[in-house]
Amino acid sequence: MRPLDEKETTVVFEKLFKFIGSNLKNIVENPSHEGPDKDPGRYCFRLHKNKVYYVSDSLVKRATNVARPKLASIGTCIGRFTHAGNFHLTIECLNLLAANAKHKVWLKPTSEMSFLYANHVLKGGLGRITESIVPGDGVVVFSMSDLPLGFGIAAKSTQDCRKLDPNAIVVLHQADIGGYLRMENQGEQLIEE
């Protein structure tokens, strides 16, 4: 486990900025409340086996006692680097994104299950949408009861959404909380084979 280098930090922050904008400052400067220390410090980003973790300084200090090959995970895994050097956010960062999201989309109850089965958000399933969304912005998808369901990339602007037909794609799916169940089913199928 090591700190991110300058290039990795830039890539991670650019991806997070796409979803949370200027609220990135809140994540970086967030004081930690974890650990037995009187002053546990702040949260930081650490890289371990191509995965980026958001973890408190107090926990990082304690993790130095564990050998790297034996360390499975630490803190919240927010994403991973691909072999090509690209950074992909994982569903584990949803709570972090939802608390600081700049752009939000709320789904009607009838289209929640469709999104949780990894389908894109259609105009007909849109309950509400925040203003000033432009195509390519990162959006966090919520249920009408403000439960974060996942995140994606805006395919259309807020203005364009008003005049679209109901079957037009509004948000391109990236990750959702239903992914846990799909991964669990894939694991069971591999065990059976």
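This one's a predicted model, so the numbers in the text were calculated from it and none came from an experiment. (Residues numbered from 1 in each chain as written. Predicted model: local features only at pLDDT ≥ 70, side-chain atom pairs only at ≥ 80, totals over all residues. Heavy atoms only, no water.)

## Some points on the UniProt feature "domain: PUA" (unreviewed entry) in the protein
Residues given the UniProt feature "domain: PUA" (unreviewed entry) here are residues 103-178. Secondary structure across residues 103-178 comprises 16% helix and 41% strand; the distance between its end C-alpha atoms is 21 Å. (UniProt positions renumbered as here; feature names shortened; annotations may be inferred. Helix = DSSP H or I, 4+ residues; strand = E, 2+ residues; numbered from the N terminus.)

## Topic: the side chain of D137
Along the polypeptide, D137 turns up in the loop between β8 (126-129) and β9 (138-143). Buried and without a salt bridge, D137 has K102 as its closest oppositely charged side chain, separated by 5.6 Å. Within the structure, D137 has its side chain in polar contact with the side chain of H103 (distance 3.1 Å). Among residues more than four places away in sequence, those in contact with D137 are K18, H103, S132, G152, I153 and A154. (Buried < 20%, exposed > 50% of the residue type's maximum accessible area, 1.4 Å probe, protein only. Lys, Arg positive; Asp, Glu negative; His and termini not counted. Salt bridge = Lys/Arg side-chain N within 4 Å of Asp/Glu carboxyl O. Polar contact = N/O pair within 3.5 Å; in protein donor to acceptor, adjacent residues only side chain to side chain. Contact = heavy atoms within 4.5 Å.)

## Focus on helix α1 (residues 6-20)
What sets the pattern is the α-helix's 3.6 residues per turn: residues three or four places apart point alike. Along its 15 residues, α1 runs 20 Å from first to last C-alpha, staying within 8% of the 21 Å computed at 1.5 Å per residue. When α1 is considered as a whole, its buried residues turn out to be E8, V12, L16, F19 and I20. Taken down its axis, α1 places every buried residue within 80° of arc, on the same side. Exposed and facing more than 90 degrees away from the buried side of α1 are E6, K7 and E14. The backbone nitrogen of K7 lies 3.2 Å from a side-chain oxygen of the residue at the head of α1, namely D5. One or two residues past the end of α1 sits G21, with phi positive at roughly 60°. (Expected span 1.5 Å × (residues − 1). Arc of directions from axis to C-beta.)

## As for the sheet that holds strand β2 (residues 43-48)
With respect to topology, five strands assemble into an open sheet ordered β1-β2-β3-β4-β5, the strand pairing being antiparallel. Every other strand in the sheet has two partners, leaving β1 (2-3) and β5 (87-89) as the edge strands with one partner each. Bridge count for β1 against β2 is two bridges, and the pairing is antiparallel. Note on β2: the bridge partner recorded for R2 is L47. (Pairing = 2+ DSSP bridges.)

## Quick look at a nonpolar patch on the surface
Judged by side-chain polarity, L122, I169 and L172 come together as a nonpolar surface patch covering roughly 200 Å² of accessible area. Its location among the elements puts I169 in strand β11 (residues 169-176). (Patch = residues over 30% accessible without salt bridge, like charges linked within 9 Å, V, L, I, M, F, W, Y side chains within 5 Å. Areas by Shrake-Rupley, 256 points an atom, 1.4 Å probe, with all protein chains shown as cover.)

## A closer look at the pattern of salt bridges
Overall, the coordinates contain two salt bridges when judged by the stated rule. One salt bridge connects E8 with R2, and the closest N-O pair in it is separated by 2.8 Å. Judged by relative accessible area, which is 13%, E8 ranks as buried. When the shortest N-O distance is used, the salt bridge between R162 and E131 registers 2.8 Å. You can see R162 sitting in the loop between α6 (158-161) and β11 and its partner E131 sitting in the loop between β8 and β9, a full 31 residues away along the chain. Under the relative-accessibility criterion, R162 is labelled exposed at 51%. Residue E131 is classed as partly exposed on the basis of its relative accessible area of 45%.

## Description of helix α5 (residues 109-116)
Among the residues of α5, S111, E112, F115 and L116 are the ones counted as buried. Taken end-on, α5 shows its buried residues confined to a sector of 145°, consistent with a single buried face. The first or second residue beyond α5 is A118, which carries a positive phi of 70°.

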